[in-house]
Amino acid sequence: MYQPDSDPVPKRARTEESNHEEAEADQESFPPPRRVPRTVEETAALIGNVRDISNPRCQRLCTHFLKNDCLWGDQCRFSHDAKALRAGAPPTEEMNFSNLDVNQVSSVVEIPRVQLRSFMTESTRRLLAESAGITDLEWDAELSQATLFGTAVQVEKAEELLRRAITHCKWGVNEVKVQGLLAQEPCTSAKLLLSPMVPGLRQGSFSLGGDKLHVVLGSDASSDLPIKGAVISRTHARFELVPSRGALYIVDLSTNGTFLNGVRLPGKASGKVACFHGDELVFPESTTAAKLGEYGYMINLQFFRC
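The rules behind the values
- Residues numbered from 1 in each chain as written.
- Predicted model: local features only at pLDDT ≥ 70, side-chain atom pairs only at ≥ 80, totals over all residues.
- Heavy atoms only, no water.
- Helix = DSSP H or I, 4+ residues; strand = E, 2+ residues; numbered from the N terminus.
- Expected span 1.5 Å × (residues − 1).
- Buried < 20%, exposed > 50% of the residue type's maximum accessible area, 1.4 Å probe, protein only.
- Pairing = 2+ DSSP bridges.
- Core = buried A, V, L, I, M, F, W, Y, C linked by side-chain atoms within 4.5 Å.
- Contact = heavy atoms within 4.5 Å.
- 1 Å grid on protein atoms, 1.4 Å probe; cavity = no way out; pocket = protein on both sides within 12 Å on 5 of 7 lines; lining within 4 Å.
- Points joined across faces, edges and corners; volume = space filled by probe spheres on them.
- Nonpolar A, V, L, I, M, F, W, Y, C, P; charged D, E, K, R; others polar.
- Domains from an automatic or database assignment.
- Polar contact = N/O pair within 3.5 Å; in protein donor to acceptor, adjacent residues only side chain to side chain.
- Salt bridge = Lys/Arg side-chain N within 4 Å of Asp/Glu carboxyl O.
- Axes fitted to C-alpha atoms, helices over the stretch in contact; angles between N-to-C directions.
- Parallel < 35°, antiparallel > 145°, perpendicular 65-115°, else oblique.
- Left-handed = near helix turned anticlockwise from the far one by under 90°.

A. Broad picture of helix 7 (residues 152-168). With 17 residues, helix 7 should reach 24 Å at 1.5 Å per residue; the first-to-last C-alpha distance of 25 Å fits that figure. Those residues of helix 7 not exposed but buried are Val155, Ala158, Glu159, Leu161, Leu162, Arg164, Ala165, Ile166 and His168.

This is the structure in structure tokens:
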């Protein structure tokens, strides 16, 4: 015979009551969820006044302590002492700019008036600053000169670059040539094309780089580019590629001379001259074309940089 349950409380109600008791037990066994206090007074009410403590095991400052809301107190794994963390660090000093101009020097470089326009550009100022590190460059068009500013080492290097460019520009000057002489960007190889300005000359095309760094012009049949003429020397001129400077030079080896942009090149004992795309190389041949200054080549040059 069916016997009703002696407990008057329904089974469903007993289950809900049991779950509620278990939840209360869980809350007692675990700390309450952390709540960030909004005010200092609220923090003090929870844990008392926050004290500065030093935790030598930790090298990081407690971010909650900075906000005055760290609930761990002495048990915090992070340091509550900013001064201790700064111990041993080098002392800070105010920056002193009063001695910046102590080691500054200046130097004036005279520039030929015919070259001044090609030199007096923003590109020249930038290239000298990058190559030599000078702090400033002032142009004086009336006096045809440039004033360099910087340390003694910087000014000396800039002056050397500027004078070198001025010297090579005696055989023709333009902005591209000035920039190429000042930049001195290394190259791996170069393509040289010599286009004749008269029908009697052969065209020459050469790839320079690696083991091939020279091109010889002359009346000798063994020359890289043979040139026929009554006053052409057997070895008349030589092109030389210098990859470290990213420049192509020409050396006059002749007896009767070689002209670059209408100016005679110095003898082989006096040095070599840098040549660039668009320069004209002319020989003193006693023909009608030579008398007109056209017995030679137009230089077409392309560098391949690193």
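B. Layout of the sheet that holds strand 6 (residues 214-218). Taken in spatial order, the five strands line up as 7-6-8-9-12 in an open sheet, and their pairing is mixed. Edge strands, defined here as strands with exactly one partner in the open sheet, are strand 7 (225-226) and strand 12 (273-275). As paired strands, strand 8 (residues 237-242) and strand 9 (residues 247-252) are joined by six bridges and run antiparallel to one another. What sits directly across from Arg238, in strand 9, is Val251.

C. Structural detail: the nonpolar core. Residues Leu194, Leu217, Phe239, Leu248 and Ile299 are the most contacted members of the largest nonpolar core, which totals 30 residues. Counting residues per element, the ones that place at least two in this core are strand 4 (187-196), strand 5 (204-209), strand 6, strand 8, strand 9, strand 12 and strand 14 (296-305). Discounting residues that sit within four places of it in the chain, Leu194 has contacts with Gln203, Gly204, Phe206, Leu217, Leu225, Phe239, Tyr297, Met298 and Ile299. With 26 residues, the next largest nonpolar core counts Leu148, Ala158, Leu161 and Leu181 among its residues.

D. The sheet that holds strand 4, seen in detail. Pairing is antiparallel in the open sheet, where six strands are placed in the order 5-4-14-13-10-11. Of all the strands in the sheet, just strand 5 and strand 11 (263-264) have a single pairing partner and so form its edges. Alignment of strand 10 (residues 259-260) against strand 11, held across two bridges, turns out to be antiparallel. Bridge assignment links Phe259 to a residue of strand 11, and that residue is Arg264.

E. Spotlight on the layout of surface pockets. Volume-wise, the largest pocket comes out at about 240 Å³. If you go around the largest pocket, you meet 16 residues; those closest to its centre are Val176, Gly180, Phe276, Phe303 and Arg305. For the lining of the largest pocket, the secondary structure elements donating two or more residues are helix 8 (175-183) and strand 14. Sort the elements by how many residues they give to the lining of the largest pocket and helix 8 lands first, with five residues. For the lining of the largest pocket, the class distribution of residues is six nonpolar, six polar and four charged. Looking at the lining of the largest pocket, you find at least three residues from each of domain 1 (104-183) and domain 2 (187-305).

F. A look at the environment of Gly262. Among the secondary structure elements, Gly262 is positioned in the loop between strand 10 and strand 11. Between the C-alpha atom of Gly262 and that of Leu281, which follows or precedes it by 19 residues, the distance is 8.1 Å.

G. Highlighting the side chain of Ser144. Considering the arrangement of structural elements, one finds Ser144 in the loop between strand 2 (136-140) and strand 3 (145-150). Taking the relative accessible area as the measure of exposure, Ser144 reaches 5% and is therefore buried. Within polar-contact distance, the side chain of Ser144 engages the backbone oxygen of Ile111 at 2.4 Å. Excluding residues that lie within four positions of it along the chain, Ser144 makes contacts with Glu110, Ile111, Pro112, Arg113 and Leu116.

H. Summary view of the pattern of salt bridges. Taken as a whole and assessed by the stated rule, the structure comprises nine salt bridges. Notably, a salt bridge pairs Arg163 with Glu159, separated by 3.0 Å at the nearest N-O pair. Here Arg163 pairs with Glu159, and both are found in helix 7, just four residues apart, close to one helical turn. Using a relative accessible area of 39% as the deciding quantity, one classes Arg163 as partly exposed. Linking Glu240 and Arg238 is a salt bridge whose minimum nitrogen-to-oxygen distance equals 2.7 Å. Owing to a relative accessible area of 12%, Glu240 belongs among the buried residues under this scheme.

I. Representation of unusual backbone geometry in the model. Even without a glycine there, the phi angle at Ser144 is positive, about 55 degrees. We note that Asn261 has phi near 55 degrees; this positive angle belongs to a residue other than glycine. Considering the arrangement of structural elements, one finds Asn261 in the loop between strand 10 and strand 11. For Asn261, a relative accessible area of 27% puts it in the partly exposed group.

J. Quick look at the packing of helix 6 (residues 122-132) against helix 7. It is at 9 Å that the axes of helix 6 and helix 7 come closest, and there the two elements cross at 130 degrees. Considered as vectors, helix 6 and helix 7 are oriented oblique to each other. Between helix 6 and helix 7 lies a crossing of right-handed hand. Contacts from Leu128, Ser131 and Ala132 in helix 6 reach Gln154, Lys157, Ala158, Leu161 and Leu162 in helix 7.

K. How the structure looks around the pairing of strand 14. As defined by bridge partners, strand 4 adjoins strand 14 across nine bridges and the pair is classed as antiparallel. Across the sheet, residue Leu194 finds its bridge partner in strand 14, namely Ile299. By the bridge criterion, three bridges tie strand 13 (residues 280-282) to strand 14 in an arrangement that is antiparallel. Bridging across to strand 14, Glu280 finds its partner in Met298.

All we've got here are geometric facts, nothing functional implied.
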